[in-house]
Amino acid sequence: MASSISLSVPLCSPSNSLSTSLSPLHNLLFLQNRSHFSRFPLRAQTLDFSGSFFEGAGFGSEDDPITPGSSFTATEPKEEPQCPPGLRQYETMAVLRPDMSEDERLSLTQKYEELLVAGGAMYVEVFNRGVIPLAYSIRKKNRAGETNTYLDGIYLLFTYFTKPDSISILEETLLADDNVIRSSTFKIRKRKY
């Protein structure tokens, strides 16, 4: 249930700090124009939340029925593996063509996982972020000479530990692949606070 209230509020009072801070000429103009805008109607609504979530204790109050399997379970943060000696942690973000089928995407993901493992990478994880619109359109020419303009792409995030030498092979392969629109590799540094 909502009720409406109509108020009339003065816009400025005689002891307004704005009118005292202006120059004498501006002060005169301000006082002359003030009479036109001295009052304006203001409408406000009050909302009735009786019997809703806000009135009770929220989630988990005594009168909420408890059903098996509906409770929230806190997931423990996954422990990150320690970096093996001689290896560094990297992330590679690859943007794939949005019109790829699921089978094509899975085979491409498996291809790059195998390439990383063959180059000496350990603890390879792949996160499929899904189809995300690009911030700007990207034109890419494929090997056949056709130019395509992409407005969105399938984002894949690879996280892994590897030798710095094997990164160049991965980047060259990603650059030559027609299914990959863009890719970028970053070395992850752990901050010590």
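Residues numbered from 1 in each chain as written. Predicted model: local features only at pLDDT ≥ 70, side-chain atom pairs only at ≥ 80, totals over all residues. Heavy atoms only, no water.

**Regarding the sheet that holds strand β6 (residues 180-187)**
So, point 1. Within the open sheet, the four strands sit side by side as β4-β5-β3-β6. Their pairing is antiparallel. At either end of the open sheet lies a strand with only one pairing partner, and these are β4 (122-141) and β6. When strand polarity is set aside, the average angle formed by the axes of neighbouring strands in this sheet is 20°.
So, point 2. Where β4 and strand β5 (residues 147-162) come together, 13 bridges link them in antiparallel fashion. Looking at β5, one finds that M122 is bridged to F161.
So, point 3. Contacts between helix α3 (residues 102-118) and the sheet are confined to β3 (88-96), β4, β5 and β6, with β5 contributing the most and set at about 40° to the helix. (Pairing = 2+ DSSP bridges. Helix = DSSP H or I, 4+ residues; strand = E, 2+ residues; numbered from the N terminus. Axes fitted to C-alpha atoms, helices over the stretch in contact; angles between N-to-C directions. Contact = heavy atoms within 4.5 Å.)

**Observations concerning the packing of aromatic side chains**
So, point 1. Summed over the entire model, instances satisfying the criterion amount to two aromatic pairs.
So, point 2. Aromatic side chains Y90 and Y160 sit 6.2 Å apart centroid to centroid with 25° between the ring planes, which places their arrangement in the stacked category. Of this pair, Y90 sits in strand β3 while Y160 sits in strand β5; the two residues are 70 residues apart in sequence, bridging distant segments of the chain.
So, point 3. The exposure class assigned to Y90 is buried, which follows from its relative accessible area of 7%.
So, point 4. Summarising the aromatic geometry, the rings of Y123 and F161 are spaced 5.8 Å apart at their centres and angled 80° between planes, so their arrangement reads as edge-to-face. Here F161 lies in strand β5 and Y123 lies in strand β4, a separation of 38 residues in the sequence.
So, point 5. Overall, Y123 belongs to the partly exposed group, its relative accessible area being 44%. (Phe/Tyr/Trp six-rings, centres within 6.5 Å; stacked < 30°, edge-to-face > 60°. Buried < 20%, exposed > 50% of the residue type's maximum accessible area, 1.4 Å probe, protein only.)

**Quick look at the side chain of T185**
So, point 1. Residue placement: T185 occurs in strand β6.
So, point 2. A polar atom in the side chain of T185 sits 3.1 Å from the side chain of T92.
So, point 3. At a separation of 3.4 Å, a polar atom in the side chain of T185 contacts the side chain of E171.
So, point 4. Not counting chain neighbours up to four residues away, the residues in contact with T185 comprise Y90, E91, T92, Y160, I167 and E171. (Polar contact = N/O pair within 3.5 Å; in protein donor to acceptor, adjacent residues only side chain to side chain.)

**A word on α3**
Each full turn of the α-helix corresponds to 3.6 residues, which orients residues three or four apart in the same direction.
So, point 1. For α3, spanning 17 residues, the distance from its first C-alpha to its last is 24 Å, which sits close to the expected 24 Å at 1.5 Å a residue.
So, point 2. Burial in α3 covers these residues: R105, L108, T109, Y112 and L116. One side of α3 holds all its buried residues, which, seen down the axis, span an arc of 100°. For α3, the exposed residues lying more than 90 degrees away from the buried face are D103, V117 and A118.
So, point 3. Among the structural elements, β3, β4, β5, α4 (167-176) and β6 are those in contact with the buried residues of α3.
So, point 4. Remark: G120 follows α3 within two positions and exhibits a positive phi of approximately 100°. (Expected span 1.5 Å × (residues − 1). Arc of directions from axis to C-beta.)

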